[in-house]
Amino acid sequence: MTGRRLPHLPSQGAELGTAAPFFPQLGDLAADTARSGRVGVVVTLPGEDSATTYHLRPPGGGPAWSAPADGTTLRPVPAQVTHATLLPGRDAVYDPRARQGSVPVEFHLEDGSTREGALVLTAVDLERLYAQTCRLLDRHENVLGEDS
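Residues numbered from 1 in each chain as written. Predicted model: local features only at pLDDT ≥ 70, side-chain atom pairs only at ≥ 80, totals over all residues. Heavy atoms only, no water.

Student: What is the right way to read the overall build of the protein from this model?
Tutor: Scanning the protein for helices and strands turns up 1 helix and 9 strands. Listing the helices and strands of the protein from first to last along the sequence gives β-β-β-β-β-β-β-β-β-α. Counting across all 148 residues of the protein, residues that qualify as buried make up 25%. When contacts within the protein are restricted to residue pairs at least 6 apart in sequence, long-range pairs at least 24 apart make up 31% of them. (Helix = DSSP H or I, 4+ residues; strand = E, 2+ residues; numbered from the N terminus. Buried < 20%, exposed > 50% of the residue type's maximum accessible area, 1.4 Å probe, protein only. Contact = heavy atoms within 4.5 Å.)

Student: Looking at this structure, how should I read the sheet that holds strand β3 (residues 54–57)?
Tutor: The strands making up a sheet associate through hydrogen bonds between their backbones, and the pairing can be parallel or antiparallel. Taken in spatial order, the 5 strands of this open sheet run β4-β3-β2-β1-β5, and their pairing is antiparallel. This sheet does not close on itself; its edge strands, each paired only once, are β4 (65–67) and β5 (74–76). When the angles between neighbouring strand axes are averaged without regard to direction, this sheet yields 50°. By the bridge criterion, 3 bridges tie β3 to β4 in an arrangement that is antiparallel. Paired with Leu-56 across the bridge in β4 is Trp-65. (Pairing = 2+ DSSP bridges. Axes fitted to C-alpha atoms, helices over the stretch in contact; angles between N-to-C directions.)

Student: Quick question: what am I supposed to make of the side chain of Thr-73 here?
Tutor: You can see Thr-73 is positioned in the loop between β4 and β5. If we skip the residues at most four places from it in the chain, Thr-73 touches Ala-31, Asp-32, Thr-33, Ala-34, Ala-67 and Pro-68.

Student: When you look at the environment of Leu-86 in this model, what are you seeing that I'm missing?
Tutor: Note that Leu-86 resides in strand β6 (residues 81–86). Taking the relative accessible area as the measure of exposure, Leu-86 reaches 64% and is therefore exposed. Those residues in contact with Leu-86 that sit more than four places away from it in its chain are Val-103, Pro-104 and Val-105.

Student: Is there a simple way to think about the side chain of Thr-44 in this case?
Tutor: Within the element layout of this structure, Thr-44 appears in strand β2 (residues 38–44). Every residue in contact with Thr-44, bar those within four places of it in the chain, is listed here: Leu-26, Ala-51, Thr-53, Tyr-54 and His-55.

Student: Mind showing me how you'd approach the nonpolar core here?
Tutor: Within soluble globular proteins, side chains that are nonpolar generally end up buried alongside one another. Counting residues in hydrophobic clusters, the biggest one holds 9 residues: Phe-22, Ala-30, Val-42, Leu-45, Tyr-54, Leu-56, Trp-65, Ala-67 and Leu-74. Secondary-structure elements contributing two or more residues to this core are β3 and β4. Each residue touching Trp-65, except ones within four places of it in the same chain, is listed here: Asp-32, Arg-35, Arg-38, Val-39, Gly-40, Tyr-54, His-55, Leu-56, Arg-57 and Pro-58. (Core = buried A, V, L, I, M, F, W, Y, C linked by side-chain atoms within 4.5 Å.)

Student: Could you clarify how one ought to interpret the confidence of the model for the protein in this entry?
Tutor: Reading fine detail from the predicted coordinates is not recommended where pLDDT is low. When pLDDT is averaged across the protein, the result is 87; 86% of the residues are at 70 or more. Within the model, pLDDT remains below 50 along residues 10–17, and this stretch shows 16 contacts once partners closer than five positions in the same chain are excluded. (pLDDT = per-residue confidence, 0-100.)

Student: I'm lost on the pairing of strand β1 (residues 29–32) in this one. Help?
Tutor: On a regular strand, each side chain points to the face opposite its neighbour's, so the side chains alternate between the two faces of the sheet. Covered by surrounding structure in β1 are Leu-29 and Ala-31 together with Ala-30 and Asp-32, the residues of both alternating faces. Note: β1 against β2, 4 bridges, orientation antiparallel. Of the residues in β2, the one forming a bridge with Leu-29 is Val-41. In this structure, the hairpin formed by β1 and β2 is closed by a connection of 5 residues, where Ser-36 is found at a positive phi of approximately 60°.

Student: Looking at this structure, I do not really get the pattern of salt bridges. What am I missing?
Tutor: Side-chain pairing between opposite charges can occur once the charged atoms of the two side chains come close. This structure, assessed with the given rule, holds 2 salt bridges. As a salt-bridge pair, Glu-116 and Arg-90 come within 3.3 Å of each other at their nearest N and O atoms. Residue Glu-116 is found in strand β9 (residues 114–122), and its partner Arg-90 is found in the loop between β6 and β7 (93–95); the two are separated by 26 residues along the sequence. Taking relative accessible area as the criterion, Arg-90 reaches 45% and is therefore assigned partly exposed. (Salt bridge = Lys/Arg side-chain N within 4 Å of Asp/Glu carboxyl O.)

Pasting the structure below:
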């Protein structure tokens, strides 16, 4: 975590675990399990303005709904991945028995944090990636040729 509080992150921060109760604050995103996981922005807290429940509204706007004051149906919404980059100095590995390759990558999340992971590719995926990479390299070389 970056240490900065963003509206979509749970207020409890990094210490929040699967067993910890979730008490969202104003502006947090929360998934409401009573509404099939519907995601909303917390716009009113229990006890605020004589409210007896949480009030949530869809992130893009729309009608608000209520969730129990104890927060039992609310779950935190984790930061989403924005992109992945290759990890420098780490090689891809191919497992012939599993017929798949693994490429070490770093996932970048919308809150500015990163996580290491792997892009696992089947033999068919590897062939598709090779073909797409060749096309990208051809376009890159064409651009470089135009700049000369």
